[in-house]
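Close look at the chain arrangement
Single-letter residue listing:
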Amino acid sequence: YIFSILSYILIHLMIRKFINIFFLIIIFFIFLNILLIFIWPKITDYRINKGKFYPDKVLELIDIQPKQRANFFREMLINRKFEYHKFIVHYEQNTKNQKYLNVNFSTGRKIENNFNCTKNFFFFGSSNTFGYNVKDNHTIPAYFKKILSQKHDEMSYCVFNFGSAYYYSTQETIFFITKILKNKIKNNDFIFFIDGLSERGNQQTKVDESLSELFNYSNLKPWEKITYTTPLFFESLPIIQLYKRFFQNINKTSRQNNFEFNEEEVLDVFQKNVNIRRSICNDFGVNCYTFLQPFPYISGIFDEKILLRNSPNKKDEFEKKFKLLKKTENIIDISDALDEMTQLSYIDAGHYSPKASFEIAKSIYSKIVKDLK
């Protein structure tokens, strides 16, 4: 009997101790997450201020002083966000008045335009067209506007940059159609699609996957939603995010980008988008052009360390995709636009330097000038 009592007391004490330890762990876990919420932004801000996210030679190319490096990086990558838009899925989020990067969904990335435009020129494309890591006035469309202003100063021409990250030919075609539906594109306007690097056939993007997940959630029954939101809740905790980031950094050297793609599908989808554009443009009396853009390793001057960016397959990917897309009919090949450059043409793994953007804009103008009326 005494042994039973002692066993009961011991078990009871152990249970209480276990409960106390469990609650202490929970309290510590909550405290740690709250602490990370406060200190993580400050650590990030400190790293940005002290970091050198752009090599000095790149800063010189993009006309950014070293003391401006941190603010430029914030506008380009830290503060950059996307927002949902029907049909086109996503577009760069509207920005407030910033120094280097300004976007508005109605007018695209900022270009100093004329008033009372007599003719409009619309650019569609991926992040190369949008102009990642260069100022507003150093994008391909911005330089094209400068060329128009110099060559046709008596005309009131307006240029719009509707490039965006992760865009490819299908998304650009749909975006173009929405502009027609909203009467933004009119008879005799000019439409330019700059394509190549981002072509992916019918593959889903990260944005597609995220929206698909959210839509699936809306179809769940009330008692099923907990199974969906619980993993998201834990994944959103700062300590879990910190662990995943640390773990991913440790294994970064062992990761390689998979550049394999279905060649037949990529070429077929791209060709069909080109054909769809031509048909629509003919029906609406619009001047449309699809340009095959310059590729790293194919045209221009590049730095292997910048282009590879921990992805040893980049060269194979670019060369394979370039040879494939050159087979497309009814496109204009401007992939040689950077052949005469003597300075760095790419400022990262695939985006153009300001000088390269100017050369591409100049090449585009030379291809369409005969059609200007």
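What follows deals with the pairing of strand S1 (residues 82-85). Where S1 and strand S2 (residues 89-92) come together, four bridges link them in antiparallel fashion. When the sheet's bridge partners are listed, Glu-83 is paired in S2 with Tyr-91.

Here the focus is the state of the cysteines. Applying the stated rule across the entire model yields two disulfides. A disulfide bridge connects Cys-117 with Cys-158, and the sulfur atoms are separated by 1.7 Å. Because the torsion about its S-S bond is -60°, the bridge between Cys-117 and Cys-158 counts as left-handed. Linking Cys-117 in the loop between strand S4 (108-109) and strand S5 (119-125) with Cys-158 in strand S6 (residues 157-161), this pair joins segments that are 41 residues apart in sequence. A sulfur-sulfur distance of 1.7 Å marks the disulfide that ties Cys-281 to Cys-288. A torsion of -60° about the S-S bond marks the disulfide between Cys-281 and Cys-288 as left-handed.

Glancing now at the nonpolar core. One finds Phe-121, Phe-144, Phe-192 and Ile-364 to be the most contacted residues of the largest nonpolar core, which totals 42 residues. Those elements giving two or more residues to this core turn out to be S5, helix H5 (140-151), S6, strand S7 (190-195), helix H10 (263-284), strand S8 (287-292), helix H12 (314-325) and helix H13 (354-368). Discounting residues that sit within four places of it in the chain, Phe-121 has contacts with Phe-144, Leu-148, Tyr-157, Cys-158, Val-159, Phe-160, Phe-190, Phe-192 and Leu-372. Counting residues in each nonpolar core, the second largest holds 38 residues, with Ile-62, Val-134, Phe-193 and Cys-281 among its members.

Quick notes on the rules
Residues numbered from 1 in each chain as written. Predicted model: local features only at pLDDT ≥ 70, side-chain atom pairs only at ≥ 80, totals over all residues. Heavy atoms only, no water. Pairing = 2+ DSSP bridges. Helix = DSSP H or I, 4+ residues; strand = E, 2+ residues; numbered from the N terminus. Disulfide = S-S within 2.5 Å. Core = buried A, V, L, I, M, F, W, Y, C linked by side-chain atoms within 4.5 Å. Buried < 20%, exposed > 50% of the residue type's maximum accessible area, 1.4 Å probe, protein only. Contact = heavy atoms within 4.5 Å.

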